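Topology and contacts: notes
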Amino acid sequence: SSPQLTARLLADRAVAVPGETVTLAFVQEIAPDWHTYWRNPGDSGAPAELAWELPAGATLGPLEWPAPEAIPYFGLMTYGHHGRFVLLQTLTLPADWPAGTPFPVRLAADWLVCAEICIPESGIFALELATGGGAAPAGPAILEAIETARAALPRPSPWPAVFASDAATLRLVIGLEAGLTGLVDARFFPLTQGLIDQVAAPVWRLAAEGLVLDLPLAWPA
C-alpha cells in the first residue's frame, strides 16, 4: 500500500487441482486523481511489469489487459486506468504436483502511478494455493472482482475492418451493421507507441461503408 495505490494478488481457486488452471489477478486500487498505464502508455509513462516465480512445470498464459482510457497529461496523450485496475493471467499447475501440497506463487511487480507527478512503485506478492483432488472456488468477493475484470477485457470485433494510409493519415473503416444507432464516440488505441499522433482529436464519421476513423500519423508513412 501507498497513499496513491493499494495492490494485491488474488486467485479464483481456494483449492486448485494439479494439471488444471487457476486465474490469477493482479489488482490495483488507485486513489482518486491518480492513474497507472496501459500496455501502450501513449506519449508518456510506462506499463506495469510482472515477473513470476513458479515451481518447475507450471505454465502461464498471456497477460490480459483491460481496455484503456485516454488520459490527457500536460499537452500529451496517455493511455491508462483510474479506480480499480486488474491484470489477469491463467496459471496451469503441473500435472505431477502432489495433491495436498500447497503450490507457491510469487510475483515481483513494478509500476508507475501518476497525477501531477509520477511515482515509481513496486511490490512482492505471494500466494500459497491449497491443492487437492477437487477444485474449490475462492470467496464471492474475489470471484466478483475477477469476473468484473474479465468483462472489461477487449473483445474481438464482430465486424470486418480494413485500413489504408497516405503520407499523413491512417484510415480505418469498420463495416458496422446497417442501422446501428446510438454511437456517440469512437477511439482507436494502438498497441504500438509512435504510430499515430495521439494528441490529435479522433476524427470519425458514419458513412455508407460503416464507421470511418481518420488518424493522423505520428511520422510520414
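Summarised in this report is the structure supplied together with it. Here the residue numbering is sequential within each chain, running from 1 through the sequence in written order. Given that this is a predicted model, residues contribute local features only at a pLDDT of at least 70 and side-chain atom pairs are listed and counted only at 80 or more, while totals for whole chains, interfaces and linings are drawn from all residues. Calculation of side-chain values draws on the structure's entire complement of heavy atoms; hydrogens and water are dropped beforehand.

**Focus on the overall build of the protein**
- We count a stretch as a helix when DSSP gives it H or I for four or more residues in a row; a strand needs E for two or more, and each element gets its number in order from the N terminus. Summing up its helical and strand segments, the protein has one helix and 16 strands in all.
- Exposure categories follow from relative accessible area, calculated using a 1.4 Å probe and restricted to protein chains: below 20% of the type maximum is buried, above 50% is exposed, and the middle band is partly exposed. In the protein, buried positions account for 39% of the 221 residues.
- A contact between two residues is defined here by any heavy atoms of the two lying within 4.5 Å. In the protein, the share of contacts with a sequence separation of at least 24, taken over all contacts with a separation of at least 6, comes to 69%.
- In summary, the charge assignment counts Lys and Arg as positive and Asp and Glu as negative, without counting His or the chain termini. To locate a charge, take NZ of a lysine, CZ of an arginine, CG of an aspartate or CD of a glutamate. Both charge centroids of the protein, one from 10 positive and one from 22 negative side chains, sit 5 Å from each other.

**Focus on the pairing of strand β14 (residues 169–174)**
- Only when DSSP finds a minimum of two bridges between them are two strands counted as paired. As paired strands, strand β13 (residues 161–165) and β14 are joined by five bridges and run antiparallel to one another. When the bridges of β14 are listed, A164 appears paired with R171.
- The antiparallel pairing of β13 with β14 creates a hairpin that spans three residues between the two strands.
- The pairing of β14 with strand β16 (residues 210–216) spans six bridges and is antiparallel. Its bridge partner being in β16, I174 is matched across the sheet by L211.

**Here's the deal with the sheet that holds strand β8 (residues 76–81)**
- The strand order across the open sheet formed by three strands is β4-β8-β7, and the pairing between neighbours is antiparallel. The sheet is open, and its two edges are formed by β4 (36–42) and β7 (69–73), each paired on a single side. Strand-to-strand twist of the sheet, defined as the mean angle between neighbouring strand axes without regard to direction, takes the value 50 degrees.
- Alignment of β4 against β8, held across three bridges, turns out to be antiparallel. Inter-axis angles, ranging from 0 to 180 degrees, are taken between N-to-C directions of lines fitted to C-alpha atoms, where helices are fitted over the stretch in contact.

**Details of the side chain of N40**
- Within the fold, N40 resides in strand β4.
- Its relative accessible area of 0% is what places N40 among the buried residues.
- Polar contacts here mean pairs of N or O atoms no more than 3.5 Å apart (in protein, one a potential hydrogen donor and the other a potential acceptor; neighbouring residues in sequence count only if both atoms are side-chain atoms). A distance of 2.9 Å separates a polar atom in the side chain of N40 from the backbone nitrogen of G42.
- Polar side-chain contacts of N40 include one of 2.7 Å to the backbone oxygen of P190.
- For N40, the residues in contact, after removing those within four places along its chain, are Y79, P190, L191, T192, Q193 and Q198.

**Some points on the nonpolar core**
- Buried Ala, Val, Leu, Ile, Met, Phe, Trp, Tyr and Cys residues that are joined via side-chain atoms within 4.5 Å together make up what is termed a nonpolar core. L24, F26, L91, F103, V105, W111 and F125 are the most contacted members of the largest nonpolar core, which has 43 residues in total.
- Only β1 (5–11), β3 (21–30), β8, β9 (84–92), β10 (103–114), β11 (118–131), β14 and β16 provide two or more residues apiece to this core.
- Take this core: its biggest share by element is six residues, from β10.
- If we skip the residues at most four places from it in the chain, F103 touches L54, P55, A58, L91, L93, P94, W97, L127, E128, L129 and T131.
- One finds L10, A25, V86 and L88 within the second-largest nonpolar core, a separate group that totals eight residues.

**Considering unusual backbone geometry**
- One non-glycine residue, D33, adopts positive backbone phi at about 75 degrees.
- When you line up the elements, D33 lands in the loop between β3 and β4.
- The phi angle at F74 is positive, at roughly 50 degrees, despite the residue not being glycine.

**As for the pairing of strand β15 (residues 203–207)**
- Where β15 and β16 come together, five bridges link them in antiparallel fashion. Looking at the pairing, R205 lines up with V212 of β16.
- Connecting the antiparallel pair β15 and β16 is a turn made up of two residues.

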